[in-house]
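Report on the structure
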Amino acid sequence: MNPIQVQPPTENYANPKTCFFHVLFKAAALAFYILSTLFISSFVIIFVVTVLLAALDFWVVKNVSGRILVGLRWWNEIDDMGESVWKFESLDQESLARMNKKDSWLFWWALYPTAAAWIVLGIFSLIRFQADYLLVVAVCLSLSIANIVGFTKCKKDAKKQLQQFATQTFASQVSSTLQSAFSVV
């Protein structure tokens, strides 16, 4: 007798188009850089196209996929004193809890290997003594790291806000319970 095995339904991506574009520009920048060095002799074309693709990736991640896939957004401002100030936005905790786990996993998973790939390509440029190609890698790596730092800080800020909210809620609940207990007496 063959027992019927029931498997739980697998969760699909809630935002497949956003996931596609989240990965597309990363892959396009890396693929163009790697393949163009084999087929294109003009450094200027390689530099411009690779940096343009990396800039598109930076913009899509920072302004679109970060909001949609993980509910986070960051930016940096210069205040009146000339100091750099990080600003963070996140969905409320209830909405963050409802975020699609696959979307979130893809978002974070795609950020880190991309930076690692640029580091490896930078090492290859150093080994081959190609300072001009190292410049391309440095620009692309800095854009990639800016998103990693921004979203990591944003995620930490969202967790801190959740802890502060929980502490305030608990404190106000205890306070109101004590007030009602002593008002009866």
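From a predicted model like this one, the values you see are computed outputs, not experimental measurements. (Residues numbered from 1 in each chain as written. Predicted model: local features only at pLDDT ≥ 70, side-chain atom pairs only at ≥ 80, totals over all residues. Heavy atoms only, no water.)

**Quick look at the overall build of the protein**
- Of the regular secondary structure elements, the protein holds five helices and two strands.
- Ordering the α and β elements of the protein from the N terminus gives α-α-β-β-α-α-α.
- For the protein, the residues scored as buried account for 29% of the 185 residues in total.
- When contacts within the protein are restricted to residue pairs at least 6 apart in sequence, long-range pairs at least 24 apart make up 70% of them.
- About 12,300 Å² of surface is accessible on the protein, with carbon and sulfur atoms providing 68% of the total. (Helix = DSSP H or I, 4+ residues; strand = E, 2+ residues; numbered from the N terminus. Buried < 20%, exposed > 50% of the residue type's maximum accessible area, 1.4 Å probe, protein only. Contact = heavy atoms within 4.5 Å. Areas by Shrake-Rupley, 256 points an atom, 1.4 Å probe, with all protein chains shown as cover.)

**What about the side chain of Lys26?**
- By the secondary structure assignment, Lys26 is in helix α1 (residues 16–39).
- Among the polar contacts listed, one links the side chain of Lys26 to the backbone oxygen of His22, at a separation of 3.5 Å.
- In this structure the side chain of Lys26 is engaged in a polar contact, spanning 2.8 Å, whose partner is the side chain of Asp57.
- Sequence-distant contacts of Lys26, defined by excluding residues within four places in its chain, comprise Asp57, Val61, Ala110, Leu111 and Thr114. (Polar contact = N/O pair within 3.5 Å; in protein donor to acceptor, adjacent residues only side chain to side chain.)

**Some points on the pairing of strand β1 (residues 72–78)**
- With seven bridges connecting them, β1 and strand β2 (residues 84–90) associate as antiparallel partners. Each bridged residue has a counterpart across the sheet, and for Glu77 the counterpart in β2 is Val85.
- The turn linking β1 back onto β2 is made up of five residues, and Gly82 within it adopts a positive phi angle of 85°. (Pairing = 2+ DSSP bridges.)

**Section: unusual backbone geometry**
- At Phe129, a residue that is not glycine, the phi angle is positive and equals roughly 55°.
- As for its position among the elements, Phe129 is in the loop between α4 (101–127) and α5 (131–184).
- Looking at Phe129, the relative accessible area reads 78%, which means it is exposed.

**Remarks on the packing of aromatic side chains**
- Tallying each qualifying case throughout the model produces eight aromatic pairs.
- Pairing Phe20 with Phe21 gives two aromatic rings, centres 5.1 Å apart and planes at 80°, and the pair type is edge-to-face.
- You can call Phe20 partly exposed: its relative accessible area is 49%.
- When the centroid spacing of 5.9 Å and the interplanar angle of 45° are considered together, the rings of Phe43 and Phe47 count as tilted. Placement of both Phe43 and Phe47 in helix α2 (residues 43–70) is noted, with a separation of four residues, approximately one turn of the helix. (Phe/Tyr/Trp six-rings, centres within 6.5 Å; stacked < 30°, edge-to-face > 60°.)

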